[in-house]
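The chain contents come next:
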Amino acid sequence: MTGYGIDHLPYGVASHQGRALVVVRLEDDVVDLAALDAEAPSFDPLLFAGPDLGPLLAAGAEVWAAVRAWLQETLPGSTVARIPLAEVEMRMPFAVADYVDFYASLNHASNVGKIFRPDAEPLLPNWRHLPVGYHGRAGTVVPSGTPIVRPHGQRRPGPDGRPAFGPSQALDIEAELGFVVGAPSVLGAAVAAGAFADHVFGVTLLNDWSARDIQAWEYVPLGPFLGKSFATSISPWITPLAALEDVRVPLPGQDPAPLDYLRVAEPAGYGIDLEVVVNGTVVSRPPYASMYWSPAQMLAHMTVNGASLRTGDLYGSGTISGPERDQRGSLLELSWGGSEPFALDDGTTRSYLQDGDTVTLRATAGSITLGEVEGTITSRASWPDE
Ligand code: CA
């Protein structure tokens with residue numbers, strides 16, 4: 001079982017013979033949707049015309065359901081418009097409009113609180129009342145395989161009071177799910193949590209690369225900035241929400257009950273199991289089912305002030321960390337702030353990433369396998385500044 005059967009059908013954009021094709025993956029092939037539809041036209045040709053998933057995302061939930069039903073009826077027993085996966089190169093699947101990142105794992109937020117504020121209550125007073133988040137940098141969201149250039153920046157001052165400057169010495173990952181918005185909303189109108197599936201097209205694996213030393217010095221009082229904005233990697237494959245129906249699970253429980261606009265019908269969580277792989281060693285297995293806030297609640301909160309959604313908006317769940325040590329979704333937590341380095345299979349240890357390290361995020365959701373996201377750390381010396 002490959003995890004890419006007829007029950008999955010993730011969408012992407014494949015480069016093939018100089019053209020960008022809107023495709024779904026089926027087993028080890030991609031299916032060129034424009035070519036498939038041309039056999040017996042059923043849809044507006046603009047839907048699959050590319051150069052990315054934008055027109056399909058914008059078309060809305062009724063069209064998404066119709067396309068999926070068409071594919072599940074047409075593809076079995078057909079080889080029309082198929083291209084071996086090995087003959088294409090996957091591209092950025094959609095133009096990211098706005099990028100927002102949340103902080104929805106109770107275990108992650110508690111761990112970070114304990115590491116950075118060991119003598120204080122780990123959770124800040126707002127955390128159980130709203131999904132905390134910030135607006136990130138859409139233009140630096142990159143597809144899997146893009147090299148990650150170690151960022152330079154300021155770090156905490158030394159004894160002379162002047163900030164240190166140079167390459168980050170605490171380059172980290174954050175294992176997350178990204179939610180891709182398709183259908184837009186109107187400025188001034190809030191999107192209800194119950195309208196989640198009307199607006200969100202699908203899910204992708206996301207690595208929110210983080211420079212902890214830059215972050216620690218700059219983040220007060222306005223939150224994450226250059227310690228995050230240098231790169232965010234996503235899988236080139238977007239798994240449609242419809243493929244995740246079978247793995248919906250209830251949330252672990254919310255206490256106190258959230259305000260009315262954040263109430264959500266159960267099951268609102270997803271049973272998606274991640275793996276964090278560093279240079280071939282699985283260092284963690286974060287369970288998405290452990291997340292405190294659901295993606296529908298994040299969507300409702302993100303728009304409750306009247307902010308509108310645009311096609312291509314992307315929001316991240318925040319680092320996914322389960323309650324166990326080997327379920328932590330960041331190296332910050334796995335190495336407990338750098339004080340407990342962890343071992344790789346090659347006999348080396350890590351607290352944070354070294355140049356040349358490759359990080360891969362994988363995930364399964366029941367019988368399906370999400371597209372992986374990978375990145376290798378490079379130093380700026382091998383990448384000209386201009
Ligand atoms: Ca994050």
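Computed from a predicted structure; not experimentally measured.

On to the coordination of the calcium ion. Looking at the metal site, the calcium ion is ligated by Asp 101 (OD), Glu 174 (OE), Glu 176 (OE) and Asp 208 (OD), spaced 2.2 Å from it. In terms of primary sequence, the donors binding the calcium ion are separated according to D-x72-E-x1-E-x31-D. In this pair, Asp 101 sits in strand β6 (residues 99-102) while Glu 176 sits in strand β13 (residues 175-181), placing the two residues 75 residues apart along the sequence.

So, about helix α8 (residues 295-303). Residues three or four positions apart in an α-helix share a direction because the helix packs 3.6 residues into each turn. Counting buried residues in α8 gives eight out of nine residues, a clear majority hidden from the surface. For α8, the full list of buried residues reads Pro 295, Ala 296, Gln 297, Met 298, Leu 299, Ala 300, Met 302 and Thr 303. Packed against the buried residues of α8 are β6, β13, α5 (196-199), β14 (200-207), β19 (269-270) and β22 (314-316).

Next up on the list: the pairing of strand β10 (residues 152-157). The pairing of β10 with strand β11 (residues 163-167) spans five bridges and is classified as antiparallel. Within the sheet, the bridge partner assigned to His 152 lies in β11 and is Pro 167. Counting the residues between successive antiparallel strands, the hairpin from β10 to β11 contains five residues, one of them, Gly 161, with a positive phi of roughly 85 degrees.

Tallied over the entire structure, the rule returns 14 salt bridges. Residue Asp 172 pairs with Arg 212 through a salt bridge whose shortest N-O separation is 2.8 Å. One end of the pair, Asp 172, is in strand β12 (residues 171-172); the other, Arg 212, is in helix α6 (residues 212-218), and 40 residues separate them in sequence. Exposure class is identical for Asp 172 and Arg 212. Each is buried. Beyond isolated ion pairs, a larger network of salt bridges with shared partners links Asp 172, Glu 174, Asp 208, Arg 212 and Lys 228.

Overall, mixed pairing links the five strands, which are arranged β9-β26-β25-β20-β21 in an open sheet. Across the chains shown, the open sheet's two edge strands, defined by having one partner strand only, are β9 (148-149) and β21 (281-284). As defined by bridge partners, strand β20 (residues 273-278) adjoins strand β25 (residues 358-365) across six bridges and the pair is classed as antiparallel. Among the inter-strand pairings, Val 276 is bridged to a residue of β25, identified as Leu 361.

Basis of the calculations
- Residues numbered from 1 in each chain as written.
- Predicted model: local features only at pLDDT ≥ 70, side-chain atom pairs only at ≥ 80, totals over all residues.
- Heavy atoms only, no water.
- Donors = N, O, S within 2.8 Å, 3.2 Å for Na, K, Ca; no water.
- Helix = DSSP H or I, 4+ residues; strand = E, 2+ residues; numbered from the N terminus.
- Buried < 20%, exposed > 50% of the residue type's maximum accessible area, 1.4 Å probe, protein only.
- Contact = heavy atoms within 4.5 Å.
- Pairing = 2+ DSSP bridges.
- Salt bridge = Lys/Arg side-chain N within 4 Å of Asp/Glu carboxyl O.

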